[in-house]
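The primary structure of each chain is shown beneath.
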2 protein chains.
Amino acid sequence: MAKRLHDKLMVKPGKKIRLSDWDPSYNFGWKEEEARAQTEKNIEEIIVLQNILAAEAKHSVLFVLQAMDAGGKDGTIRKVMSGLNPQGCRVTSFKAPTPEELSHDFLWRVHRVCPGKGEIGIFNRSHYEDVLVVRVHGLAPKKVWSQRYKLINEFEHLLASNGTTIRKFYLHISKEEQKQRLEERLADPKKHWKFNPGDLKEREYWKNYMDAFDDAIEKCSTAHAPWFIIPADNKWFRDLAVSSIVLDTLRDLKLEYPEPSGDFSKVVVK
Amino acid sequence: MAKRLHDKLMVKPGKKIRLSDWDPSYNFGWKEEEARAQTEKNIEEIIVLQNILAAEAKHSVLFVLQAMDAGGKDGTIRKVMSGLNPQGCRVTSFKAPTPEELSHDFLWRVHRVCPGKGEIGIFNRSHYEDVLVVRVHGLAPKKVWSQRYKLINEFEHLLASNGTTIRKFYLHISKEEQKQRLEERLADPKKHWKFNPGDLKEREYWKNYMDAFDDAIEKCSTAHAPWFIIPADNKWFRDLAVSSIVLDTLRDLKLEYPEPSGDFSKVVVK
């Protein structure tokens, strides 16, 4: 049997990571048309399995999405997750922390929105910002952010120990692809509102972000919460890869409709 | 132009309501096949408009679903709302209140999960349970629950004053239809887990619930937060009606992509 994209794209715990060695447009031999058709099929099966996940109410699933600006986080959620039943699926977009959030530890705001049994949680950005933007811009001293990798692993261990399956996606785009996407936002009136001048400033820190991602992925890809590096210059391959991994994650749970809570064989509805 | 289902099914403020006079299987002349096709079309347009709603981030939309057990709340959400982008759409299912929730006023837990700008909120059950199950089973004295209609109207006024469009759906099924659906849950192993023996007990209070719904709908169908009585014995008509009202609600907002936040005509991406 061919190795699954799930296994090909997963970062093995302990593996050294240098994103500059990873090709953001690698397609594993897939052709666009076939990939789009397979993505549709994946989504159909994901929808069926989500229904059983909710019925069984035994497992929680958490997908984390991280990427550079214009890396495709919103697009991936729209394309891959829009078929899901919104009852039982919650997306949380993490912005700059509020004063109340800052008055707690950095995982406090994350913990309270983690998925319950039977639920799928999707994080658009996440606690990883606390070792990415915070590190790149020195928003906290190195002494603080450098301990966070371990704290993150321990936190994710807690979630996993309670039945949460965690899968983390880094959508890997090239600097050139980001340029094209930002230019598209400037050119298309329907995308114009998405353009944020701050993205240009962040772009200057590309190398620093890559270093920060290298470390976050290398230090925090664990057996209970692996990272996946998704070649994301081609949106159709990105969608195929993410939908395949989501599907295999659900399949691996061996979901089953629960047994009835009692013997109702003699029950009569009057 | 034919009158929209939105207008036909809306309960005009001040109208006397007696649900026993409303036919749960009335179809307004629609045939099943046409209705299913129209529902699909409605959903496609809803998805497009949701995208603009999120981009504009000016309006909030709240849909409230209430019904008797097996009335189709879960099914409506799955059928009508599953195409939505889960980013920007949040379903909240209200269960029996927790001790912490009970230590606050009855709208406290509701208020904190209301949709923000650009978001669609969906309530599966809601604050109306506090004038339904609470009234039917005497969980609070009449003196308490009888003031809640006014408190609810005032609370919904607050939401509306801040740009939230509220639409409330009562999925109207007959007692006979409920019997059939409960029997299906008992007969089908895939639905067996949904069967809750407590539903049989609640069924004995059918008449009391109808009285409570009559009052809730009559007293709380306001210009800023109208109730809709959805004939729901036929699932295909229910889905058509709800999707049509959701669509017209979004259309009526005259959504537009926002203007760019500045003049970026000379911006160059380096």
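Keep in mind that what you see is a predicted model, and the values were worked out from it rather than measured.

### Observations regarding the overall build of chain A
Tallying secondary structure elements over chain A gives 13 helices and five strands in all. Its C-alpha atoms give chain A a radius of gyration of 20 Å, within 12% of the compact-globule value 18 Å for 270 residues. Based on the C-alpha atoms only, the size of chain A along its principal axes is roughly 70 × 50 × 40 Å. Evaluated residue by residue, chain A yields a buried proportion of 53% over its 270 residues. If you take every contact in chain A between residues at least 6 apart in sequence, the share linking residues at least 24 apart comes to 82%. For chain A, the exposed area adds up to about 12,800 Å²; of that, 52% sits on carbon and sulfur atoms. In chain A, 44 side chains carry a positive charge and 39 a negative one; their mean positions are 2 Å apart.

### Re the pairing of strand S4 (residues 164–172) of chain B
All names here are of chain B. The element S4 is largely enclosed, with a buried count of nine among its nine residues. On S4, burial covers both faces: Thr164, Ile166, Lys168, Tyr170 and His172 on one face and Thr165, Arg167, Phe169 and Leu171 on the other are all buried. With eight bridges connecting them, strand S1 (residues 60–67) and S4 associate as parallel partners. Paired with Gln66 across the strands is Tyr170, a residue of S4. Alignment of S4 against strand S5 (residues 227–231), held across five bridges, turns out to be parallel. Paired with Lys168 across the two strands is Trp227, which belongs to S5.

### What about the environment of A:Asp105?
Residue and element names in this part refer to chain A. Counting through the fold element by element, Asp105 comes out in the loop between helix H4 (99–102) and helix H5 (108–111). Engagement of the side chain of Asp105 in a polar contact is seen with the backbone nitrogen of Leu107, the distance being 2.9 Å. There is a polar contact of 3.1 Å between the side chain of Asp105 and the backbone nitrogen of Trp108.

### Structural notes on the relation of the copies chain B and chain A
Between chain B and chain A, which share one sequence, the superposing operator has a rotation angle of 180° and an axial displacement of 0.0 Å; the RMSD is 0.0 Å. The transformation relating the two chain copies, once decomposed into turn and shift, fits a two-fold axis. Distance from the rotation axis, computed per C-alpha, reaches its smallest value in chain B at B:Gly83: 2.5 Å. Both copies present the same face, since 100% of the interface residues in chain B are matched by interface residues at the equivalent positions in chain A.

### Observations concerning the interface of chain B and chain A
If you look at the interface, chain B gives 37 residues, while chain A gives 37 residues. Taken together, both faces of the contact between chain B and chain A bury some 3,200 Å²; the carbon and sulfur share is 65%. Considering only the side of chain B, the residues that lose the most area to chain A are B:Gln87, B:Trp193 and B:Val269, jointly responsible for 22% of the buried surface there. For the interface between chain B and chain A, the tally reads zero salt bridges. Viewed at the interface, chain A and chain B are joined by seven residue pairs in polar contact (both at pLDDT 80 or more). Listed by contribution, the elements that provide at least two residues to the side of chain B that touches chain A are helix H2 (32–56), helix H3 (73–81), strand S2 (89–93), helix H9 (175–187) and helix H10 (197–203) of chain B. Among the residues forming the side of chain B that touches chain A, the class breakdown is 20 nonpolar, eight polar and nine charged.

### Quick notes on the sheet that holds strand S5 (residues 227–231) of chain A
Residue and element names in this part refer to chain A. The parallel open sheet is built from five strands, whose spatial order is S2-S3-S1-S4-S5. Single-partner strands in this sheet number two, and they are strand S2 (89–93) and S5. Strand-to-strand twist in this sheet, taken as the mean axis angle between neighbours without regard to direction, amounts to 20°. By the bridge criterion, five bridges tie S2 to strand S3 (residues 120–124) in an arrangement that is parallel. Bridged to Cys89 within S3 is Ile120.

### Quick notes on helix H2 (residues 32–56) of chain A
One turn of an α-helix holds 3.6 residues; hence residues three or four places apart share an orientation. All names here are of chain A. With 25 residues, H2 should reach 36 Å at 1.5 Å per residue; the first-to-last C-alpha distance of 36 Å fits that figure. Listed as buried for H2 are Ala35, Thr39, Asn42, Ile43, Ile46, Leu49, Gln50, Ile52, Leu53, Ala55 and Glu56. Of the residues trailing H2, Ala57 is marked for its positive phi of about 50°.

### Topic: the packing of H2(B) against helix H12 (residues 235–252) of chain B
Residues and elements named next belong to chain B. With their axes 9 Å apart at the nearest point, H2 and H12 run at an angle of 30° to one another. When the axes of H2 and H12 are compared, the pair comes out roughly parallel. Note that H2 runs across H12; the crossing there is left-handed. Across the interface between the two elements, Glu32, Ala35, Arg36, Gln38, Thr39, Asn42, Glu45, Ile46 and Leu49 from H2 touch Trp236, Asp239, Leu240, Ser243, Ser244, Val246, Leu247, Leu250 and Arg251 from H12. Grouping the constituent residues of the contact of H2 with H12 by class yields eight nonpolar, five polar and five charged.

### So, the side chain of B:Asp239
Along the chain, the position of B:Asp239 falls in helix H12. Setting aside chain neighbours within four positions, we find B:Asp239 in contact with B:Thr39, B:Thr76, B:Lys79 and B:Val80.

Cut-offs applied
Residues numbered from 1 in each chain as written. Chains lettered and ligands numbered in written order. Predicted model: local features only at pLDDT ≥ 70, side-chain atom pairs only at ≥ 80, totals over all residues. Heavy atoms only, no water. Helix = DSSP H or I, 4+ residues; strand = E, 2+ residues; numbered from the N terminus. Rg over C-alpha atoms; globule rule 2.2 N^0.38 Å. Buried < 20%, exposed > 50% of the residue type's maximum accessible area, 1.4 Å probe, protein only. Contact = heavy atoms within 4.5 Å. Areas by Shrake-Rupley, 256 points an atom, 1.4 Å probe, with all protein chains shown as cover. Lys, Arg positive; Asp, Glu negative; His and termini not counted. Charge placed at Lys NZ, Arg CZ, Asp CG, Glu CD. Pairing = 2+ DSSP bridges. Polar contact = N/O pair within 3.5 Å; in protein donor to acceptor, adjacent residues only side chain to side chain. Least-squares fit on C-alpha atoms with pLDDT ≥ 70 in both. Buried area = accessible area lost by both parts, 1.4 Å probe. Salt bridge = Lys/Arg side-chain N within 4 Å of Asp/Glu carboxyl O. Nonpolar A, V, L, I, M, F, W, Y, C, P; charged D, E, K, R; others polar. Axes fitted to C-alpha atoms, helices over the stretch in contact; angles between N-to-C directions. Expected span 1.5 Å × (residues − 1). Parallel < 35°, antiparallel > 145°, perpendicular 65-115°, else oblique. Left-handed = near helix turned anticlockwise from the far one by under 90°.

Shape descriptors only; they carry no functional weight alone.
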